[in-house]
Amino acid sequence: MKRDTVDTVVPRPTLREHAWPFLRTWLALGVAFTVAFMVVLTGQASRAQLELESSRSASTTLTKRAAESTLDFAATDLLVLAVDLNVDSLAGGTSNEAERLRLATLFSAFLEKKPGLQRIGVVTATGQDILGVTAAGEASGANWGEHPSFAGTRDLATGEVSVTVLGAETDGRDGSAVVRIATQVASDSEQPPGYVYMDIAAIALAGGFLSNIGDQQLAYLIDENGDVLLGAHASERWGTYFGAPQSFADEQPHRWRTVAAGSGGREFDSDGMYAYSTVFPDRIAERLAGETDDTLAYEEESKQWKIVSVVPREELPSASLLRDAPTFLTFVSGLLAMASIAALIAHATAVRRALQRSIRELAETDSLTGLPNRRVLADRLAQALTLADRNGSHAAVMFLDLDRFKDVNDRYGHDIGDRFLQGVAARLVASVRKGDTVARQGGDEFIVLLPQLDGVEEAERVAQRILDGLAEPIDLGEHQLRAGTSIGVAVRVKGEGADDLIAKADAAMYEAKQGGRNQYRLSVGVKNPVS
């Protein structure tokens, strides 16, 4: 007979064998990638958040310092003028025309050198403007006695400066607001002193606001009443003084309560973030005396201009995967890359397992028929005998040898002979009980293990079913071949070993052949096999 051979073929894993390792690996890689990606996003968002907070706080602080510096420089010039004897004479009504002319020339020089100045003037104790100079020339004659800017100077001590934001009624040529600073004229006279004032274009004070805040930020310059003096956009500038007021206090009351109560800081709420600083325009004297924000006590009732920079919630740095299209596409690309890696790992895992399964099958099964081999039979037989001893049950072994199988090989060839053996194996499996083992011993020999028998009669019934099953021709396509077999049946005697049991079955099989073939014989002494 032709010797059985095995082709070395790398097994092909099934889709099911690929699917579970792929899903499990992709899930693990996907979770790890997502966690790492979120850590990176969170770090980026945290750094961006810190940069944004620092940037907005710095911009409001720089704007505050720029506005205060502009006021302080102008106030320094104003205080210098306040001690000028000619100013005192003019305010007291004792100056001559030459002194008046000299002052007018001096004021014009100030206006020329300081573009932000719009007007310089001297007012009597009653509020009469006795000398007012603008860039266009002298503009005296106004009476400021009932004007808020004059009222704010009545209680000033020498060296103190009042600050008032005025609307278009002061000048109005360019439609912008004006900030007036005023101080008492230094005088030795017993008469009430007059005052010297400067009008500064509000846009000059706001220059720092516009340059530091910029049009890209949502920001406001707000007075102590919560009215918007200046916004980052042209439509939001000085509306309070020109009949189109905008109230930060009314529009954002929860924020205004915080801003009004503090001198500066940054806060977060459900609508976003805002940073703010406070300009104290009427505390010029303290600043000129060298006091700083750290030493100045915060006085909520004092005149204040609030600089507020607002960042809407949707513009805050976010760690969300959906914060922008590039971030989301990067994340999806990463997941797809993880899927590719998972597919490679899953394929390698599936091939390895298929190889292991194939090796295991080769080690445990007959390569031609797919039946368990002698190694597996020995293991199962040992288990069956142990179970029989424990439970007091019966066990039996059948030894089968095909009759005249050599004639099949000689007449039809080894290929037909192999297919015939495969057909016989299938008939044997179909004929035995569930739980029985059909193994190929080699060549044309087979062994059937019958565990947990009720008695000898049950073994005989199985043997007869085998003979009946092989009685029908085996269809090999172009040939219809019948299989005859001689069967030796050995029912175990208690305490009998596996080798003895197989030897008894082998001996009974030879008796069957000698008795005429295609029949079964029981081994001698099995009428009462269990003692």
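Along each chain, numbering runs from 1 in the same order as the chain's sequence is written. This being a predicted model, a pLDDT of at least 70 is required before a residue's local features are given, and a value of 80 or more before pairs of side-chain atoms are given or counted; all residues contribute to the totals for chains, interfaces and linings. Side-chain calculation: all heavy atoms of the structure are included, whereas hydrogens and water are not.

Considering unusual backbone geometry
Here comes step 1: Of note in this structure, R517 is not a glycine but carries a positive phi near 70°.
Here comes step 2: Here a helix means four or more residues in a row that DSSP labels H or I, a strand means two or more in a row labelled E, and each is numbered from the N terminus. Secondary-structure assignment places R517 in the loop between helix 15 (498–514) and strand 18 (520–522).
Here comes step 3: Its identity is not glycine, yet N518 carries a phi of approximately 50°, on the positive side.
Here comes step 4: With respect to the secondary-structure elements, N518 resides in the loop between helix 15 and strand 18.
Here comes step 5: N518 gets classed as partly exposed once you look at its relative accessible area, which sits at 43%. In this scheme, a residue with accessible area under 20% of its type's maximum is buried, one over 50% is exposed, and one in between is partly exposed, where area comes from a 1.4 Å probe on protein chains only.

Quick look at the sheet that holds strand 7 (residues 218–223)
Here comes step 1: One bridge is not enough; two strands pair if DSSP finds at least two bridges between them. Strands sit in the order 8-7-11-10-9 across an open sheet of 5 strands; the sheet is antiparallel. Where the open sheet ends on each side, the last strands, each with one partner, are strand 8 (228–231) and strand 9 (264–269). Ignoring strand direction, the axes of neighbouring strands in this sheet form an average angle of 20°.
Here comes step 2: Contact definition: two residues touch when any of their heavy atoms are within 4.5 Å. Axis lines are fitted through C-alpha atoms, for helices just across the contact stretch, and the angle between N-to-C directions can take any value from 0 to 180 degrees. Seen against the sheet, helix 1 (residues 15–82) touches strand 9, strand 10 (272–279) and strand 11 (305–312) and runs at an angle of roughly 20° to strand 10.

Some words on the nonpolar core
Nonpolar side chains in soluble globular proteins tend to be buried together.
Here comes step 1: Ranked by internal contacts, the top residues of the largest apolar core, which has 40 residues, are L71, I181 and W305.
Here comes step 2: At 7 residues, the largest contribution of residues to this core is made by helix 1.
Here comes step 3: The term nonpolar core refers to a set of buried residues drawn from Ala, Val, Leu, Ile, Met, Phe, Trp, Tyr and Cys, joined through side-chain atoms within 4.5 Å. One finds I416, A459, L467 and L481 within the second-largest nonpolar core, a separate group that totals 35 residues.

A look at the confidence of the model for the protein chain
Here comes step 1: Confidence scores labelled pLDDT are given residue by residue by the predictor and lie between 0 and 100. On average, residues of the protein chain score 82 in pLDDT, and 86% of them reach the 70 mark or higher.
Here comes step 2: The element-level mean pLDDT for the protein chain is lowest in helix 6 (residues 207–213), coming to 63, with strand 17 (residues 485–491) highest at 94.
Here comes step 3: Residue range residues 168–175 is modelled with pLDDT below 50. Its contacts to residues more than four positions away, or to other chains, number 9 contacts.
Here comes step 4: In this model, residues 526–531 is a region of pLDDT below 50 whose contacts with residues beyond four sequence positions or in other chains number 11 contacts.

Some words on a nonpolar patch on the surface
Here comes step 1: Taken together, the side chains of L27, V31, V35 and V39 present a nonpolar region at the surface, about 380 Å² in accessible area.
Here comes step 2: Relative to the helices and strands, V39 is located in helix 1. Surface patches are drawn from residues lacking salt bridges whose relative accessible area is over 30%; two like charges belong together within 9 Å, two nonpolar side chains (Val, Leu, Ile, Met, Phe, Trp, Tyr) within 5 Å. All accessible areas in this document rest on Shrake-Rupley with a 1.4 Å probe, and a residue is counted as covered only by the protein chains that are shown. By convention in these notes, a salt bridge is any Lys or Arg side-chain nitrogen within 4 Å of a carboxyl oxygen on Asp or Glu.

Some points on the pairing of strand 13 (residues 437–442)
Here comes step 1: Two elements, strand 13 and strand 14 (residues 445–453), share 5 bridges in a ladder whose sense is antiparallel. Among the inter-strand pairings, R440 is bridged to a residue of strand 14, identified as F446.

Quick notes on the pattern of salt bridges
Here comes step 1: In the structure shown here, the tally under the stated rule is 21 salt bridges.
Here comes step 2: Two residues, R440 and D366, come together in a salt bridge whose shortest N-O distance is 3.2 Å. Of the two residues, R440 is situated in strand 13 and D366 in the loop between helix 10 (325–364) and helix 11 (374–391); the sequence distance between them amounts to 74 residues.
Here comes step 3: Judged by its relative accessible area of 4%, R440 falls in the buried class.
Here comes step 4: Here the salt bridges share partners, and the residues they tie into one network are K64, E68, D72 and R287.

Things to note about the packing of helix 2 (residues 85–92) against helix 3 (residues 97–113)
Here comes step 1: Contact pair helix 2 / helix 3: the axes reach a minimum separation of 10 Å and the direction vectors enclose 120°. Taken together, the axes of helix 2 and helix 3 lie oblique to each other. The chirality of how helix 2 crosses helix 3 is left-handed. On the side of helix 2, the interface is formed by N86, V87, S89 and L90, while helix 3 contributes E99, R100, R102 and L103.
Here comes step 2: In the contact of helix 2 with helix 3, the residues fall into 3 nonpolar, 2 polar and 3 charged. Roughly parallel means an angle under 35 degrees; roughly antiparallel means over 145; roughly perpendicular covers 65 to 115; every other angle is labelled oblique. Handedness of a helix crossing follows the sense of rotation of the near helix relative to the far helix, less than a right angle counterclockwise being left-handed and clockwise being right-handed. Side-chain classes follow a simple rule in which Ala, Val, Leu, Ile, Met, Phe, Trp, Tyr, Cys and Pro form the nonpolar group, Asp, Glu, Lys and Arg form the charged group, and the remainder, Gly included, forms the polar group.

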